[in-house]
Amino acid sequence: MVLNEVAVRARNLWIGYEEEGEILWALNGIDIDIPKATAFCIVGESGSGKSTLGNAIAGLLPPYAVTKGRLDVYNISVIDGDKVDYSGVRGSIVVRIPQNPLSALNPYLKIESVFSDILKQRFRINSKVKALEIAQKALKAVDLPSDVLGRYPHQLSGGMGQRVAIALTIAIDPEIVVADEPTSNLDAYLKGATLNLLRDIVRKGKTLIVITHDILFASALCSFIAVMLMGNVVEIGKTEEVLSNPLHPYTRELIDAANLNFKNSKYAINRSKTNLRGCAYSSRCPKHSARCYEKPKLFYINESHGVACWNL
Amino acid sequence: MKMPSLNYIIKRIATAFFVVLGVLMLTYVLIYFSPGNPAYTWAGRPRGPKAEEAIKAAEEELGLNKPLYLQIYTHINRFFKGDWGLSLRFKQPVLLVVTRNLVASLELLVVAFSIAIPLGIILGVVSALYRGYLVDKVLYVASLLLISFPRFWIAILFYVFLQMLGVNLFGRIAPSYMLMVESRVGSYIIDSLISGRVEIFADTLMRALPPAVIVALYPMALTIRVIRFSISEKLHEEYVRQAMSYGLSRSKIVYRYALRGVIPAISQLHGITFAYSIVDTATVENIFGRDGIGSAIVKAIPYNDYPLIIGLLAVSGILFIVVNTVSDIIQVISDPRVRI
Amino acid sequence: MGVIVKSRLGSLHNLVKTSKKFSIGFTIVLVIAILSIVGFFNSPYHMEGWGIVTEEAMGRQGLAPCLPFYCPNANHVFGTDDMGRDLLSRILVGAHLALIQTVTVVFTSIALGVLMGIAAGYSNTVVEKLSTYLIELLIIIPSMVLAAALIAIIGRGIQSVIIALILTWSPWYARLTYILVRQLRELDFIKICEAMGFSRTYIAYRHIVPNVAPLIFIEGITDSSSVLIEIASINFLIGAASLTSIDLPDWGMIVGYGIRYVRTFWWISFFPGLFIALTALGLILLGDGLSETLSPWLKRRWKLWF
C-alpha cells in the first residue's frame, strides 16, 4: 500500500506471550500500514491475533509480552526490537474503547471522578470545574444527560456505559482510537447507535481502528479491511475491493458465513498442528498445494489490495 | 457517604444477643457432659477439707434439683442482669475481672493494629509494585517467616534480647508508678494521659510497644501478602488496563485504582485476623508479664475457674462481633456496590 | 470445579518437580515426619523423652546446650530442662504429637465442615437457618477460651485442645462449603439430576461432595500451619499455667513451661519453638506451592509496564 499519511506502521512485527518458559507467538511477522483519518477494520476469528495487534497499538500489552520487529505510531517508535515505550503516546495519541465498558470503568469512582482524573492528566489542568466542562460537552456529543456524572458505573446500563466510554474518548481527543469489539455485547439497536458515534469520530479527522469478528459491521463502518488469521494478515484492502473480489479462500469463507451460505463449511480439525512456517490456512484450504508449506508474502494486485496466498 | 441501614444495625445487635445466648447455653450444657457431678466442676474440682462445702454451695447456685430448662433460664437471666458469679481464682466478681483484663488486652491490640495496618499496606504496595525485584523477594520471605514462626517464640527471642541489652519492660507499668495514676478507664496509657502525667504515659507506652510489635507481626505479614496478591490481581482487571489506555499516571493507577479496590478485602481480612490475634495476644502477654485475657486464662486454668471462662467467652464473642461490624461498615464506605 | 483442581495439580511427583516452594515444604514436612516416627520408637534418652525423670537426670538440671565455642556436655546437644531431662530426646519424642494433633484437627474439621456446609446449603430452610446460626456462633468463639472451658470440664490433656480446635476450625470450612454449595445448586447439572428424581442425599454424595471437597482440601492444607501454631499457642498457655513440671513432651507445652526459666535456661523454650517454627514453615510452603500451581498467573514474573 502506498500512502503518504500513515498513522500506524508495523514492520515485521512479532508479539508473543511468555508462558512457563515457552513463547506463544500471537503475531507472526506482520507488515501493515494504517492510513490517517480513516476507519480501518481488523477482522478475524478469536485467536487470530487481532486483539494483540489492537493492544500493541493502544499500548496495552501485558508485562510478560515478548516483542520483535518495529511498530511506529504517528512516527513515534513504540516497539523497536524488545524495547517497548509508550510514554507520550498512550492516552494522548492513542486511546482504546473497551470491549465491555462497564467492567472497564473503575467501580469505586463516580463517573465525574473518572472524567476529572483523566482530563486533569491529559490537559494538565488543575481545576475540577474546567475538567467537568469538557466532560459535559463530551457527554452532550453522545446524547447523555449530564446527571450521569454523579453515578457509579454499576448504576449504568450497558448502552449508557458504551456511550460513557465513547464520551471519555471524545473528551481526551486523541488522534487514533482503537475500538476492541465495540459492539459484541450490544443489541441491534444500540449497535447502530454506536456505529453512528464511531462514524462521527472519523468525520472529525481521527483514525479509527476497529477490531471485530463481525465482517458485516466492519463493512458498514470502515473504508479499509485487514483480514487476520493465526497471527498473519492474509488479505488487506479497501472495503469494497475486498468484499466484491475476495482473493483469499479464508476471506471468502468469512463472507459466505456472513451471508449465511454454509455450503462449503465444515469443522476444521487438527488446527493446532498448523506449521508456523507455512500458510496458516493450509490445513483447511480447499486449494491446498505443496507450496503452502512455505509462508506466502502479501502480494499486491493493485495499489491497495493485497493478499497472502500462493494460489491466485 | 453511605451509612449502614437501621435494619443492619438491628440485625447486628440481634446477632450479638443470640451469640451470647448460644455461648451461655453451650457452656451450661457442656457442664452436664462433664464426667462426675456438675456441681463439682462448677466449684472448680475442689479438694481438701472445704470441698464438701464448696460443692454444696455450687449445687445451690446451679439449682440442680430444678428441671434443666429452668436451670438454663436462671443461668441466662442472671447473666443478663450483670451477675456473672464469683471468680474462683480472683475471689472477685467475674464482671470486674473480665473488664479489667479486657481493657488491658484491648490496649495492646489497638497499639498492635495501628502499627500493623499502615505498615502492612505500605510494604504490601511496595512489594506488589516491585514484583520480582529484590525488595519484593525480601518482603515475601520476611512475611512468610513472620506467618509461619509462632509469635510466642519470636516474643521469647525478643524478650531475651531485651534482657541482654539490660532493658526491663516487664509488666504494663513501672511498679513505682502503679499507685500514682488514678484509674478511670483502666488503661494505664489513657489514664496517665488524662491525668497529665507525661513521664508515666511514656513509660506505659514504652512497655506496650515491644509486645504490640510482636502481636502486630502476624496481621502485618498477612496484609503484605494479601495486598501483594490482590494488587497484582487488580492490575489484571479490565478497568485498570483501561485507565492505562486513558494515559493515567502510574501512581494514580496504583493508589486510586488498584489500592482502592483492595481496601474492602483488607478490612474483611482484619475482621478475621482479629480473632486469631487474641490468641497471639494471650501468649505474648504471658511472656511480657502483662494483664489481659491471656494471662487471665492462664491463671484460671489451674483453678478450673469455670465462671470466669464463661465470662471471657461471652465477652470475646461480643468483641468479635463489634470488630466485624466495624469491618463491614468500612467495606460499605469503601465499595459503592456493597449495601447492608 | 473439583476436576479442574485435580487436573491442574497432576501427580505429587509432578508438583515436586514444577514448584520449588512445594518441594522445599514437602522436604521439611517429610523430614519432620520421619523424625517423629524415629523419635517415637527411639531417641538418645528415650525414657527422659517421654517425661520420666531418671536418677541420672536429677544431677544435670538446666545443663546448657552445645553451642560453638561452648559445649558443657556433648551428649546433650540441646541441653537439658529444669528436671535434667535431655531436651533433644523430648523434642524427638514430641514430634509425633505435633503432627498427630495438626492432622487430626485439619482432617476432622474438613470432614465436619463439609458435612455442616452441605447440610446448610442443600437441605430444607429450617436446617439451613439452624446450621448457619451454628456456624456463625462457632466462628465467633475463640479457640483458646473454648479450650480453657473444655479443660475445666474434661480435664487437662491434648484431647481438650483438639476438640476446641475442631469446633472452631470446622465452621470456616462449613462456611466455605456453604458458599460453594449455594453456587453449585443453581447449576444445570444439579437441577437436571433433581428433575430426574434422584434423592438429594444421592446428588449430594455423587455430585456436590466431589466438586467441593478438593477446594476445601487445598484450603485445609494452606491452613494447616495456622492450625499447628494455634495448637502450639494453646499448649503454650497450658504449659505456662502448669504448676508442676510438664511430663508430656508436647512442643508448645515445653516452650510455655520454659518461659518461667527464660532468663536463665533460655534453651528450654528456644529449641522446641524452633521446631514448631520449622514445621509451620514447611506446611505454609506446601500450601503456597499448591495455590500457585492452581492459579498459575501468581507465579508470573512481573515488571510494571506503565
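Conventions we followed
Residues numbered from 1 in each chain as written. Chains lettered and ligands numbered in written order. Predicted model: local features only at pLDDT ≥ 70, side-chain atom pairs only at ≥ 80, totals over all residues. Heavy atoms only, no water. Contact = heavy atoms within 4.5 Å. Salt bridge = Lys/Arg side-chain N within 4 Å of Asp/Glu carboxyl O. Polar contact = N/O pair within 3.5 Å; in protein donor to acceptor, adjacent residues only side chain to side chain. Helix = DSSP H or I, 4+ residues; strand = E, 2+ residues; numbered from the N terminus. Nonpolar A, V, L, I, M, F, W, Y, C, P; charged D, E, K, R; others polar. Pairing = 2+ DSSP bridges. Buried < 20%, exposed > 50% of the residue type's maximum accessible area, 1.4 Å probe, protein only. Axes fitted to C-alpha atoms, helices over the stretch in contact; angles between N-to-C directions. Parallel < 35°, antiparallel > 145°, perpendicular 65-115°, else oblique. Left-handed = near helix turned anticlockwise from the far one by under 90°. Patch = residues over 30% accessible without salt bridge, like charges linked within 9 Å, V, L, I, M, F, W, Y side chains within 5 Å. Areas by Shrake-Rupley, 256 points an atom, 1.4 Å probe, with all protein chains shown as cover. pLDDT = per-residue confidence, 0-100. Core = buried A, V, L, I, M, F, W, Y, C linked by side-chain atoms within 4.5 Å. Disulfide = S-S within 2.5 Å.

Draft legend 1. Summary view of the interface of chain C and chain B. Taken residue by residue, the interface counts 58 residues in chain C and 64 residues in chain B. At the surface where chain C touches chain B, the tally comes to 1 salt bridge. Across the contact surface, chain C and chain B share 6 residue pairs in polar contact (both at pLDDT 80 or more). Secondary-structure elements contributing two or more residues to the side of chain C that touches chain B are helix 7 (125–140), helix 8 (143–154), helix 9 (158–184), helix 11 (200–241) and helix 13 (267–294) of chain C. For the side of chain C that touches chain B, the class distribution of residues is 45 nonpolar, 6 polar and 7 charged.

Draft legend 2. Looking closely at the pairing of strand 5 (residues 76–80) of chain A. Residue and element names in this part refer to chain A. Bridge count between strand 4 (residues 65–73) and strand 5: 4 bridges; the pairing is antiparallel. Across the sheet, Val73 pairs through a bridge with Ile76, a residue of strand 5. Where strand 4 folds back onto strand 5 in an antiparallel hairpin, the turn is made up of 2 residues, including Tyr74, whose phi is positive at roughly 55 degrees. Linking strand 5 to strand 6 (residues 83–84), which pair antiparallel, is a turn of 2 residues; within it Gly81 sits at a positive phi near 65 degrees.

Draft legend 3. Structural view of helix 12 (residues 251–258) of chain C. Among the 8 residues in helix 12 of chain C, 8 count as buried, and that is most of the element. Those residues of helix 12 of chain C not exposed but buried are Trp251(C), Gly252(C), Met253(C), Ile254(C), Val255(C), Gly256(C), Tyr257(C) and Gly258(C). Check the buried side of helix 12 of chain C and you find it contacts helix 7 (151–165) of chain B together with helix 3 (20–41), helix 6 (87–121), helix 9, helix 11 and helix 13 of chain C. For helix 12 of chain C, the N-terminal cap is Asp250(C); the gap from its side-chain oxygen to the backbone nitrogen of Gly252(C) is 3.0 Å.

Draft legend 4. The arrangement of the packing of helix 9 (residues 198–235) of chain B against helix 11 (residues 250–287) of chain B in detail. Residue and element names in this part refer to chain B. Between helix 9 and helix 11, whose axes approach to 8 Å, the crossing angle comes to 150 degrees. Classified by the angle between their axes, helix 9 and helix 11 sit roughly antiparallel to one another. Between helix 9 and helix 11 the crossing geometry is right-handed. Taken together, the residues that form the contact of helix 9 with helix 11 break down as 18 nonpolar, 7 polar and 2 charged.

Draft legend 5. The environment of Lys21(C), seen in detail. Within the secondary structure, Lys21(C) sits in helix 3. Residues Lys21(C) and Pro249(C) lie 228 residues apart in sequence; the distance between their C-alpha atoms is 30 Å. Setting aside chain neighbours within four positions, we find Lys21(C) in contact with Tyr140(B), Leu285(C), Asp288(C), Gly289(C) and Glu292(C). Side-chain polar atoms of Lys21(C) contact the side chain of Tyr140(B), separated by 2.9 Å.

Draft legend 6. Here's a closer look at a nonpolar patch on the surface. Residue and element names in this part refer to chain B. Residues Ile263, Ile318, Val322, Val326 and Ile330 make up a contiguous nonpolar surface patch of roughly 370 Å² in combined accessible area. Counting residues per element, the nonpolar patch draws most heavily on helix 13 (residues 306–334), which supplies 4 residues. Relative to the helices and strands, Ile318 resides in helix 13.

Draft legend 7. Up close: the pattern of salt bridges. Residue and element names in this part refer to chain B. In this structure the tally under the stated criterion is 27 salt bridges over all chains. A salt bridge links Asp280 to Arg151; the nearest nitrogen and oxygen atoms lie 2.8 Å apart. Of the two residues, Asp280 sits in helix 11 while Arg151 sits in helix 7, which places them 129 residues apart along the sequence. Exposure class is identical for Asp280 and Arg151. Each is buried. One salt bridge in this structure joins Glu199 and Arg197, with 3.2 Å as the shortest N-O distance. Exposure remark for Glu199: the relative accessible area of 39% places this residue in the partly exposed category. When its relative accessible area of 25% is taken as the criterion, Arg197 is described as partly exposed.

Draft legend 8. Fine view of the packing of helix 3 (residues 128–141) of chain A against helix 4 (residues 158–172) of chain A. Residues and elements named next belong to chain A. Across the interface, helix 3 lies against helix 4 with an axial gap of 8 Å and an inter-helix angle of 125 degrees. Between helix 3 and helix 4, the interaxial angle falls into the category oblique. As helix 3 runs across helix 4, the sense of the crossing is right-handed. Packed against helix 3, whose contacting residues are Ile134, Ala138, Leu139 and Ala141, the element helix 4 presents Ala167, Ile170 and Ala171 at the interface. For the contact of helix 3 with helix 4, the residue count by class is 7 nonpolar, no polar and no charged.

Draft legend 9. Highlighting the sheet that holds strand 10 (residues 224–229) of chain A. Residues and elements named next belong to chain A. Overall, mixed pairing links the 8 strands, which are arranged 7-8-9-3-10-11-13-12 in an open sheet. Either end of the sheet is taken by a strand with one partner, and the two such strands are strand 7 (94–97) and strand 12 (299–300). Sheet topology note: the strand 7/strand 8 (residues 176–180) ladder contains 4 bridges and is parallel. Bridge pairing in strand 8 places Val95 opposite Val177. Against the sheet, helix 4 contacts strand 7 and strand 8, and its axis sits at roughly 175 degrees relative to strand 7. Strand contacts of helix 8 (residues 249–258): strand 3 (39–44), strand 10 and strand 11 (232–238), with the helix running at about 105 degrees to strand 10, the strand carrying the most contacts.

Draft legend 10. Fine view of the sheet that holds strand 2 (residues 22–35) of chain A. Read across the sheet, 5 strands follow the order 2-1-4-5-6 (chain A) without closing on themselves; strand pairing throughout is antiparallel. Every interior strand has two partners, whereas the edge strands, strand 2 and strand 6 of chain A, have only one.

Draft legend 11. Structural view of the confidence of the model for chain C. All names here are of chain C. When the pLDDT values of chain C are averaged, the result is 85; 92% of them are 70 or greater. Scored below 50 in pLDDT, residues 301–306 makes 23 contacts in the model with residues more than four places away or belonging to other chains. Listed scores for the predicted complex are pTM 0.81 and ipTM 0.87.

Draft legend 12. View of the nonpolar core. Ranked by size, the top nonpolar core spans 161 residues in total, and within it Ile287(B), Tyr306(B) and Met144(C) carry the most contacts. Here this core gets 16 residues from one element, more than from any other, and that element is helix 11 of chain C. Discounting chain neighbours no more than four positions away, the residues touching Tyr306(B) are Thr27(B), Leu30(B), Ile31(B), Trp42(B), Leu88(B), Ala149(C), Ala152(C) and Ile153(C).

Draft legend 13. Spatial organisation of the state of the cysteines. All names here are of chain A. One pass over the full model with this rule turns up 1 disulfide over all chains. Between the sulfur atoms of Cys41 and its disulfide partner Cys222 the distance amounts to 2.0 Å. Between Cys41 and Cys222 the sulfur-sulfur dihedral comes to about 50 degrees; the bridge is accordingly right-handed. Taken as a pair, Cys41 in strand 3 and Cys222 in the loop between helix 6 (215–221) and strand 10 lie far apart in primary sequence, 181 residues in all. Take Cys41: its relative accessible area is 0%, and that puts it in the buried class.

Draft legend 14. Examining the side chain of Asn286(B) more closely. Structurally, the position occupied by Asn286(B) is in helix 11. Assessed through its relative accessible area of 16%, Asn286(B) is described here as buried. At 3.0 Å, the side chain of Asn286(B) forms a polar contact with the backbone oxygen of Ala282(B). Aside from chain neighbours lying at most four places away, what touches Asn286(B) is Gly294(B), Ser295(B), Val298(B), Phe236(C), Leu237(C) and Ile259(C).

Draft legend 15. Seen up close, unusual backbone geometry. All names here are of chain A. Despite not being glycine, Ala37 shows a phi value in the positive range, around 55 degrees. You can see Ala37 is positioned in the loop between strand 2 and strand 3. Residue Met230 is not a glycine yet carries a positive backbone phi of 45 degrees. Looking at the secondary structure, you find Met230 in the loop between strand 10 and strand 11.

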